[in-house]
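One letter stands for each residue in the lines below.
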Amino acid sequence: MWLKPEEVLLKNALKLWVTEKSNEYFVLQRRRGYGDGGGRFAGLLVGTLDAVMDSTAKVAPYRILHQTPDSQVYWSIACGASKEEIEHHWEWLQHNVMKTLSVFDSSEDITSFVQGKIRGLIAEEGKTSLIREDDPEKFREALLRFEKWFNLPKSEKLINYYSCSYWRGRVPCQGWLYLSTNFLCFYSFLLGAEVKLVISWNEISKLEKTTNVILTETIHVCARGEDHYFSVFLHLSETFLLMEQLADYSIKRLFDKETFEGDPALYDPQQITKRGLETRARNEQFRTFFRLPREENLLEVHECFLWVPFNHYNMLGKICLSENYLCFASQDGSQCHIIIPMREVIGVETPDNTTKALTLVVRGQKALRFMEVMDFQRLAGIVREKCGTSGSPQHIVSRQAHIEGCPDLFEHFEDNSGEESLMVGQKVSSRTVSTEALMNVFHPQDAENLDPKMLKEKMKEQSWNIHFAEFGRGVSMFRTKKTRELIIRGVPEALRGELWLLFSGAVNDMATHPGYYTRILEKCMGACTLATDEIERDLHRSLPEHPAFQSDTGISALRRVLTAYAYRNPKIGYCQAMNILTSVLLLYAKEEEAFWLLVAVCERMLPDYFNRRIIGALVDQAVFEELIRDRLPQLTEHMTDMTFFSSVSLSWFLTLFISVLPIESAVNVVDCFFYDGIKAILQLGLAVLDYNMDRLLTCRDDAEAVTILNKFFDNVTNKDSPLPPTVQQAPTGNDGKKLHPKVDITNLIREAYEKYGNIRSEEVDSMRKSNRLYVIQTLEDTTKQNVLRVVSQELKFGVQELEDLYELFKKQHFLSCYWTAASPSLKHHDPSLPYLEQYQLDCQQFLALYCLLSPWSCKANGDDLGLRMFYLQDENQDGLINFREFCCGFDVLYNGNFTEKLKLLFKLHLNQAFTAFTEVETENPNVTKGNSLTKEDLTHLSRFTVPLSDIAEDGVIRKSPEKGKGKIDLQAYLKQWQDELLKKEESIKDLPRMDQAQFIQFSKTLYNLFHGHPEEESLYRAIATVTSLLLKMEEVGRRLQKPSSPAETSKAPILTGQPESTTQGEGESTNVDEVSKLKDSSPANQVKKEQIEWSFAFEQILASLLNEPVLVRFFEKPEDFAAKLEFAKKNQFKSQIN
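Residues numbered from 1 in each chain as written. Predicted model: local features only at pLDDT ≥ 70, side-chain atom pairs only at ≥ 80, totals over all residues. Heavy atoms only, no water.

Next up on the list: the overall build of the protein. Within the protein, the regular secondary structure consists of 48 helices and 24 strands. Within the protein, counting contacts between residues at least 6 apart in sequence, those at least 24 apart form 67% of the total. Total accessible area computed for the protein in this model is approximately 51900 Å², and 52% of it derives from carbon and sulfur atoms. (Helix = DSSP H or I, 4+ residues; strand = E, 2+ residues; numbered from the N terminus. Contact = heavy atoms within 4.5 Å. Areas by Shrake-Rupley, 256 points an atom, 1.4 Å probe, with all protein chains shown as cover.)

What follows is the structure in structure tokens.
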């Protein structure tokens, strides 16, 4: 590798380097201790020094220096890992540089020319390599070491590397940690002891920063049940953050594709960089804090002061600019922040150059003044450009047209009159969509009602009106601590829908997608899918006690919102608990508003909650358990099994406490959730457990604890609720009122904020990332245990052997996905399918693993036999095989007797699905004549037996319709299940007869299996004898069946090519040659030429082979499956690279 020229002090290097070659201008040197003549002790010392000091010489023990005769300065210009590599560079210098150097007069000109030449070579290499042009020289050297030490594919991209210590027991090993797109690698070399560690990111179940007695800061990595500790980092926080980001990237790409596909910036693993990962994390944090749409990205950040009129002083903070929003947050983030959509800005002014001020005039006659803004003129120009034209395709509507298209949105948020108007994008003629919140329809407020609760409700409204007058109203309102205080006290019924839209960010989605909800309803209403069937089943289970959902008005609105969302997001479709949440949203928001609120909850605020595996809810439950251990240690000590909290709190997270609290109390929880996110739910959960601490500590079992919590929730009330008794939920428990006094929801929420309000959102996000790894691996372990439990009942393999096979099977899937952006193998993993079908291999993946595991795979024509095995095991002929199908063939090969192995071999040549392969072989003889099959051949062949109806538009073969896209034929599934139960063991009499083409191929396969065997000659003679015997038996049978047709009976001798009157020895010898000719001939051509109709039954072949002891010994010889497994583990990765 050519190196950027650097000065070398040769005097200090004489003890470490040995000169191999030299001339007038260049010196080739070898590192002492490497190659021939190196002392063993010297090699250990030098190798240790190189590893600890991060020397390139560890992996590149050869180098070339440039020198000039009249100078004592040397320049390093090249290094090499092998003598051949460095010799190649030396020869290039001899032929391309040496002749040119003689024309220069001074040594300075010679050195300048050489340096320029080497820099040009490096630039040319950089055009085709994965190294970025702005990478420092050290990174080039690190990449060289990374490739040399770990033997990973060239496409594996190194992201960064760090010096650290790896702890092996109590002994630290100083070395280097390399972080790439798919692997965590570590290398150390100390006094001859080499430590090499390679861990896939998708195998990690725990990644955390820990502290112990010896070391204050350590990174703990748990993978495959083994713990690894790394310490002594110069930049520990940076290292841990990058490890966290790479692990999260790998998990989302390989396990959670639904989330990953929405992030195109990281779609190609070759484009992943440290800077890109940091940008992605920063964008996510920006969108989460300000509740912005997923399309927004943080473009610029400017430190400045904002004049806050309610406090009459300038507040220090930062301007955050995205494509369509300008946001401001105070220095601590919680004191004040504001969101300004570009669509709301009607003027930009820069009145004062001395104070670097920038003034934005927003709709509603409000001006926001930012001061001390660096480069404020340029920022003002950017804002003017974004306000004058559309910032993105979703903002194509001009400002004037936008005002005319959705007047109600701005009138509602600007203290205008209370007259009702259509929703954003709502058509006047549309009569199907409700334009009123259900609470206004079924419980309209009476302005003349002087009930004490109504008076208190009016006081709440007045408090909010005063807040609006001081802090602004609408999307550009100042959000401060006073806003949170009002939220904790409870939102008035009349303002709840407006504030939910505002704090969730749904108001921005609705404003930028006018008419979207109406259009999507026109497309999806009336369609019949699995999602609509599930929706219809759950409609009448949604708040059945509320009058709104005892009528067709509420049920129809709920149906439309859920159906529209299932159409918008078919990957989620519909999941239970969405109906309960949506019914509450419809009580306080108009129908279209409820739809966008549901979008905000499912896609931003509670990601991954509403899918088949509810990963998001499980992650937050794990976070909740971690907070319990930290904040409620007494409860942790008493409740030894923490899974109790997971089981009891699942409904809390999925329904935001709506399913356990009375509706009039639950809406206060939803208020806090829309303002503070999941943090509010975690705080309330801790407060509930803390409130019941004494009772829970006296519980004897989980059932008693569940009863205590249920009674507590039944007695949570909202004393300020203005709802009538017909709407409020009565407590279900009538006993134990003395033990469970009434608890006001406002007091409970206030207590939660006072005790646990110091939980930071950043802390929750970090815990979410670390626990996500654990949850994913737990789900994967559950899948594995269920698969093994099913498969172990059918096979003879031991439990440990099945576990090893499963890990190989699963790893083969991942190896096909690591280095390709749009790998079709990624789509072979579908967590929504039953356990057995979640991981599947296609033909190419199967063949790679078959060659490593099969005792017959190393023979000639191995691809042919592997293909036959694949098609035989692919029972439903969809081009994919699951783990059970994969194991069946190997179970026979390693645990079957002579008859079972022969029957498998017999069936491999009867497989009708393989007919297409035979046709391709006939048309293209080069496919199987000693040549390995190409990827195109395998892809082509794997599609022969798949019905066109099973192939989706994306080219992926699916065993069942996708959720939400089509109805599943339940009767077909029941019939398939019944057939599996009634399936009897196949008898040899049930096997069809083998025709002549199949028999010829069968004979060829036997010859290939015997190739290289110690008893090869004996096996060849035995199979020749069996073949001759079978042909003669068939000839005799044909003569007995048709004695009057001598022409036909003469065809058998024509096939054998020998007269009938031969001696026994001559017959055997001749038949060996005859079957060898059959082996090299084309079966299809043979059939066409001869047109002979003959076949064999399995009993005939079995009886004939049993007469040859050498054949019986061959098939009955036990194979060492454990050794094969170890071989496959060691070589699986290498085979994928090759």
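Of note, Thr-480 is situated in strand E20 (residues 479–480). Classification of Thr-480 as buried rests on a relative accessible area of 5%. The contacts of Thr-480, once residues within four sequence positions are left out, are Phe-310, Gln-335, Cys-336, His-467, Phe-471 and Tyr-675. (Buried < 20%, exposed > 50% of the residue type's maximum accessible area, 1.4 Å probe, protein only.)

Within the secondary structure, Tyr-517 is located in helix H18 (residues 516–524). With relative accessibility at 0%, the residue Tyr-517 sits in the buried group. In contact with Tyr-517, other than residues within four places in its own chain, are Val-433, Arg-560, Val-561, Ala-564, Glu-591, Glu-592 and Phe-595.

With that out of the way, let us pick up the pattern of salt bridges. Pairing between side chains of opposite charge can happen when the charged atoms of each approach one another. Counted according to the given criterion, the structure contains 42 salt bridges. A salt bridge links Glu-807 to Lys-784, with the nearest nitrogen and oxygen atoms 3.1 Å apart. On the criterion of sequence distance, the pair formed by Glu-807 in helix H32 (residues 799–815) and Lys-784 in helix H31 (residues 761–792) is long-range, its members being 23 residues apart. Residue Glu-807 is classed as partly exposed on the basis of its relative accessible area of 37%. (Salt bridge = Lys/Arg side-chain N within 4 Å of Asp/Glu carboxyl O.)

A separate point is unusual backbone geometry. One non-glycine residue, Arg-224, adopts positive backbone phi at about 55°. Its location among the elements puts Arg-224 in the loop between strand E11 (218–223) and strand E12 (226–231). Notably, Ile-614 is not glycine yet its phi reads approximately 40°, a positive angle. The residue Ile-614 is located in the loop between helix H22 (591–605) and helix H23 (615–631) in this model.

To continue, consider the sheet that holds strand E13 (residues 300–308). Across the sheet, 8 strands lie side by side as E17-E18-E19-E13-E14-E15-E16-E20; this open sheet has antiparallel pairing. The outermost strands of the open sheet, each flanked by one partner alone, are strand E17 (345–349) and E20. Summarising the sheet, strand E14 (residues 313–321) and strand E15 (residues 325–330) pair through 5 bridges and their orientation is antiparallel. Residue pairing across strands places Ile-319 opposite Phe-328, the latter belonging to E15. (Pairing = 2+ DSSP bridges.)

Turning our attention to the pairing of strand E8 (residues 183–190). Here E8 lies mainly inside the structure; 7 of its 8 residues are buried. As judged from the 4 bridges shared by strand E7 (residues 171–180) and E8, these two strands associate in the antiparallel manner. In the sheet register, Leu-177 faces E8, and the bridge partner there is Phe-186. Remark: 2 residues form the turn of the hairpin made by E7 and E8, two consecutive strands paired antiparallel.

With that settled, consider the packing of H23 against H31. Between H23 and H31, whose axes approach to 8 Å, the crossing angle comes to 120°. Viewed along their axes, H23 and H31 form a crossing whose handedness is right-handed. Within the contact between the two elements, H23 uses Ile-615, Leu-618, Val-619, Asp-620, Ala-622, Val-623, Glu-626, Leu-627 and Arg-631 and H31 uses Glu-763, Met-767, Arg-768, Asn-771, Arg-772, Val-775, Ile-776 and Leu-779. Of the residues assigned to the contact of H23 with H31, the class counts are 10 nonpolar, 1 polar and 6 charged. (Axes fitted to C-alpha atoms, helices over the stretch in contact; angles between N-to-C directions. Left-handed = near helix turned anticlockwise from the far one by under 90°. Nonpolar A, V, L, I, M, F, W, Y, C, P; charged D, E, K, R; others polar.)

To continue, consider the packing of aromatic side chains. For the coordinates displayed, the defined rule picks out 56 aromatic pairs. Here the aromatic rings of Phe-809 and Phe-883 are separated by 5.5 Å at their centres, their planes lie at 75°, and the arrangement is edge-to-face. A residue pair is termed long-range when its members are at least 10 positions apart, and Phe-809 in helix H32 and Phe-883 in helix H35 (residues 883–895) qualify at 74 residues. Classification of Phe-883 as buried rests on a relative accessible area of 2%. One aromatic cluster is present, formed by Tyr-806, Phe-809, Phe-846, Tyr-850, Phe-870, Tyr-871, Phe-883, Phe-886 and Phe-890 through successive ring pairs. Here the basic side chain of Arg-63 rests over the ring of Trp-17, its NZ or CZ set 4.0 Å away from the ring centre. (Phe/Tyr/Trp six-rings, centres within 6.5 Å; stacked < 30°, edge-to-face > 60°. Lys NZ or Arg CZ within 6 Å of the ring centre and 35° of its normal.)

The next point concerns the nonpolar core. Membership of the largest hydrophobic core comes to 152 residues, with the highest contact counts inside it found for Phe-370, Met-578, Phe-610, Trp-652, Phe-674 and Leu-689. Top contributing element to this core by residue count: H22, with 10 residues. Ignoring anything within four residues of it in the chain, the contact list for Trp-652 reads Phe-624, Phe-657, Val-660, Ile-681, Gly-685, Val-688, Leu-689, Leu-709 and Phe-713. Listed in part, the 132 residues of the second largest apolar core include Phe-255, Tyr-839, Leu-1009 and Ala-1128. (Core = buried A, V, L, I, M, F, W, Y, C linked by side-chain atoms within 4.5 Å.)

Attention now moves to the sheet that holds strand E3 (residues 26–31). As summarised here, the arrangement of the 5 strands in space is E1-E5-E4-E3-E2, forming an open sheet in which the pairing is antiparallel. Each end of this open sheet is capped by a strand with a single partner; those strands are strand E1 (2–8) and strand E2 (17–22). Across the sheet, the mean angle separating the axes of adjacent strands is 30° when strand polarity is ignored. Where strand E4 (residues 62–66) and strand E5 (residues 74–80) come together, 5 bridges link them in antiparallel fashion. Directly across from Ile-64, in E5, lies its bridge partner Ala-78.

With 6 of 6 residues buried, E15 is to be regarded as a mostly interior element. Judged by which residues are buried, E15 turns out to be covered on both faces: Tyr-325, Cys-327 and Ala-329 on one side and Leu-326, Phe-328 and Ser-330 on the other are all buried. Hairpin connection, E14 to E15: the antiparallel pair is bridged by 3 residues. Bridging between E15 and strand E16 (residues 336–341) involves 5 bridges; their strand directions are antiparallel. Pairing of Tyr-325 across the sheet is with Pro-341, part of E16.

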